Amino acid sequence: MASVAESLSGLDIAGGDWAASAPPGLRSNLPALSPDQVELAKMLVETGQSRVFEHWADPGVDDDRKKAFLEQVARLDTSYPGGLASYIKTARELLADSKAGKNPFDGFTPSVPSGEVLTFGDDNFINFEETGVKEARKAAFVLVAGGLGERLGYNGIKVALPAETTSGTCYLQHYIESVLALQEASCRLAEDGSGTQIPFVIMTSDDTHARTLHLLESNGYFGMQPSQVKLLKQEKVACLEDNDARLALDPSDKYKIQTKPHGHGDVHALLYSSGLLNLWHDAGMKWVLFFQDTNGLLFKAIPAALGVSAIRQFHVNSLAVPRKAKEAIGGIAKLTHADGRTMVINVEYNQLDPLLRATGYLNGDVNDETGFSPFPGNINQLILGLGPYIEELKKTGGAIKEFVNPKYKDASKTSFKSSTRLECMMQDYPKTLSPTAAVGFTVMDTWLAYAPVKNNPEDAAKVPKGNPYHSATSGEMAIYRANSLILRKAGAHVGDPVMQVFNGQEVEVWPRIVWKPKWGLTFSEVRRKVGSSCSVSQKSTLLLNGRDIFIEDLSLDGALIINAGEDAEVCCDKLSQEESSKCTGVSRAPYLSFPLFSSFHARHSTLCAFI
Ligand code: UTP
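Within any chain, residue numbers begin from 1 and follow the written order of that chain's sequence. The model is predicted, so local features are restricted to residues of pLDDT at least 70 and side-chain atom pairs to those at 80 or more, both for listing and for counting; the totals for chains, interfaces and linings are taken over all residues. By convention in this description, side-chain values take in all heavy atoms of the structure and omit both hydrogens and water.

- Per an unreviewed UniProt entry, the protein is named UTP-monosaccharide-1-phosphate uridylyltransferase, and its organism is Eucalyptus grandis.
- UniProt positions are given in the numbering used here, feature names are shortened, and annotations may be inferred rather than shown by experiment. Under the heading Catalytic activity (unreviewed entry), UniProt records this for the protein: "a monosaccharide 1-phosphate + UTP + H(+) = a UDP-monosaccharide + diphosphate".
- Within the UniProt record for the protein, the comment given under Sequence similarities (unreviewed entry) is "Belongs to the USP family."

What follows is the structure, given as structure tokens:
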């Protein structure tokens, strides 16, 4: 290792000694720094960051804090592809573009890409679902859960929140149980009869890592093998305080650079550097599915969407929902540049309309004969073909094109209300793909596929009428609605919803119907267990916890919870008001007992039955 004297002697910049141009606080401390620390200090001075040293005390004072500062700089430097200098350089370019109001898609003409529009429950849908379940054993699931959830204002982690209050199942448990149900169903269909463990990755951040691990460990990984689950922690990036990309110091600690999350786009670089992708590939895996922390409906859409990826051989398949023209949700569009470049990508709604108008579509984004925009709404759940994904990441290392979104103080755009940072989004992955890549989409009904929980109740109550609340209330109600509609489609009679106001939000309240993923993973599976004599009134609560529960003849006007063990088969039949309610349990597991229960045909929502 070079001595400090050697390090300093080789560090001339622009024909002069860089140290001479460094602030006095840094200069006087240089002899106490290691050569590596000197290199980092030099990099900061050269990139116009001298201000971070201006307040440095004389040697002997605050030395530990100075050391900690340089350790943080080293972490920020190594965790960003190309280092901190590259981060600052990109930031300057993007901040200049932002100040100039440049549209990142200037020069591109949008058109509608190729995709699959599915109708829930028809033969086509069932066929895709079947294929998807078969493919699931060759898939890995990646949950991005490093976000701060500022809009929700909850001080815990979002995946620990209950998706609904009937069973109280939290998001993480629901996701894990869904993956396990897929694993079981997929392995049952495997021609060679082989079992598999579907890998489950969670991207965390400093804000969520410890609490996510604790949630898993204190709940026995919700039934998953701990070795199946991998946590990858993303690092934050430095905050910037002005258009010159000067690093912002933490207001409460001048020896610390303020940092913020870089966005879910980090997941690609993390997966690449983890080495997991190659391991999966060697194990015969074919797909990687990316999803977000609070969408209680997603797994209702996964089997069919995975089937679409497999049948249409999509390298990238974005899950989407019908989108009204100009609705505040990104649209999936094919963009073609005058110079021949093309990409299929999410275009934010406020960029799509002007882009269309600028390229010959005089009315911009308008609904077509279906009553929706031809550009489907991106819900940020992606299915990538593993082979092409690995090939692409070999070229890019997983780096995703970034953006910056400063909140300016005024129209002069010279200063920010608060510090900003570069961000990247996982759905921007296709931006660097070659035009020959098969990038498509799968559209499903919103009621089936998308109900994220992002907004706190106060903000949700202020959402203009007709727009989604995206709150815990609407997320929960969407689960009951989806389950009710699925049962209806399967032939059951399900009461009409009533409108009710919770936390200032008017929502449809359907019967509180909830089932574990292993009960109804696909529509065919639900249809097999429900009959046309099954009826559930609006004020009822029905919770099905077990795989082989058959409710062909259930007539429910109250509350019913059925907990059935692994090898139990439970049939509810001939339940009417006249006949005292009866449920028969057929147990093949001798240690389970199924006491018959009565009076669950209750008028009021009380817990009436347990098995
Ligand atoms: P959101 O858009 O919901 O952002 O992220 P957020 O940061 O969680 O919430 P707000 O904006 O502060 O209110 C979508 C998904 O991406 C993950 C989130 O955990 C969520 O699953 N995410 C977001 C990350 O994993 N890392 C990030 O840096 C940001």
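Re the overall build of the protein
Piece 1. Put simply, DSSP marks the helices as runs of H or I at least four residues long and the strands as runs of E at least two long, and each gets a number from the N terminus on. Helix and strand counts for the protein stand at 17 helices and 32 strands.
Piece 2. Radius of gyration here uses only the C-alpha atoms, and the compact-globule reference equals 2.2 Å multiplied by the residue count raised to the power 0.38. Relative to the 2.2 N^0.38 estimate, which gives 25 Å for 611 residues, the radius of gyration of the protein is 28 Å and therefore close to what a compact globule would have.
Piece 3. Over its C-alpha atoms, taken along the principal directions, the protein stretches across nearly 95 × 60 × 55 Å.
Piece 4. The 611 residues of the protein split such that 54% are buried.
Piece 5. A separation of at least 24 residues holds for 69% of the contacts in the protein among residues at least 6 apart in sequence.
Piece 6. Counting only carbon and sulfur atoms, one obtains 51% of the accessible surface of the protein, whose full area is about 26100 Å². Here's how the labels work: a residue is buried when its accessible area is under 20% of the maximum for its type, exposed when over 50%, partly exposed in between, all with a 1.4 Å probe on protein chains only. Note on contacts: a residue pair qualifies if any of its non-hydrogen atoms lie within 4.5 Å across the two residues. Surface exposure here means Shrake-Rupley accessible area, sampled with a 1.4 Å probe, where a residue is shielded only by the protein chains that are shown.

With respect to the site of the ligand
Piece 1. Only heavy atoms are used to decide nearness, and a residue is near a molecule or strand if one of them lies within 4 Å of it. The environment of the ligand is formed by 17 residues, the closest being Val144, Gly146, Glu150, Lys158 and Gln234.
Piece 2. We call two N or O atoms a polar contact when they sit within 3.5 Å, provided that within protein one can donate a hydrogen and the other can accept it, with sequence-adjacent residues counted only if both atoms are side-chain atoms. Interatomic distance of 2.8 Å between a backbone N/O atom of Arg151 and an oxygen atom of the ligand.
Piece 3. One nitrogen or oxygen atom from the side chain of Gln234 is found 2.6 Å from a nitrogen atom belonging to the ligand.
Piece 4. Surface burial for the ligand is 86%, taken as the share of its 560 Å² of free accessible area covered by protein chains.
Piece 5. Of the residues assigned to the shell around the ligand, the class counts are five nonpolar, seven polar and five charged. In the scheme used here, Gly and all other residues not listed as nonpolar or charged are polar, with Ala, Val, Leu, Ile, Met, Phe, Trp, Tyr, Cys and Pro taken as nonpolar and Asp, Glu, Lys and Arg as charged.

Observations concerning the sheet that holds strand β30 (residues 559-563)
Piece 1. Should DSSP find at least two bridges between two strands, the strands are taken to pair. Pairing within the open sheet is parallel, and its three strands lie in the order β25-β27-β30. The open sheet is flanked by β25 (512-515) and β30, the only strands paired with a single partner. Between one strand axis and the next, the sheet turns by 5 degrees as a mean value, whatever way the strands run.
Piece 2. Two strands pair when backbone bridges link them, and β25 and strand β27 (residues 541-545) are joined in this way by four bridges, in the parallel orientation. Bridged to Ile513 within β27 is Leu542. For helices, the fitted line uses only the C-alpha atoms of the stretch in contact; every axis is such a line through C-alpha atoms, and the angle between N-to-C directions lies from 0 to 180 degrees.

Overview of helix α16 (residues 472-489)
Piece 1. Along its 18 residues, α16 runs 26 Å from first to last C-alpha, staying within 8% of the 26 Å computed at 1.5 Å per residue.
Piece 2. In terms of burial, α16 is a largely internal element, 13 of the 18 residues being buried.
Piece 3. Two residues or fewer past α16, Gly491 is found with a positive phi of approximately 115 degrees. A helix is expected to reach a length of 1.5 Å times the quantity of its residues less one.

A look at the packing of helix α6 (residues 123-135) against helix α7 (residues 171-189)
Piece 1. In contact at an axis separation of 7 Å, α6 and α7 are set at 95 degrees when each is read in the N-to-C sense. Considering the angle they form, α6 stands roughly perpendicular to α7. On the side of α6, the interface is formed by Val133, Lys134 and Glu135, while α7 contributes Leu182, Ala185, Ser186 and Leu189.
Piece 2. Its residues placed into classes, the contact of α6 with α7 shows four nonpolar, one polar and two charged. Each angle gets one of four labels, with under 35 degrees taken as roughly parallel, over 145 as roughly antiparallel, 65 to 115 as roughly perpendicular, and the rest as oblique.

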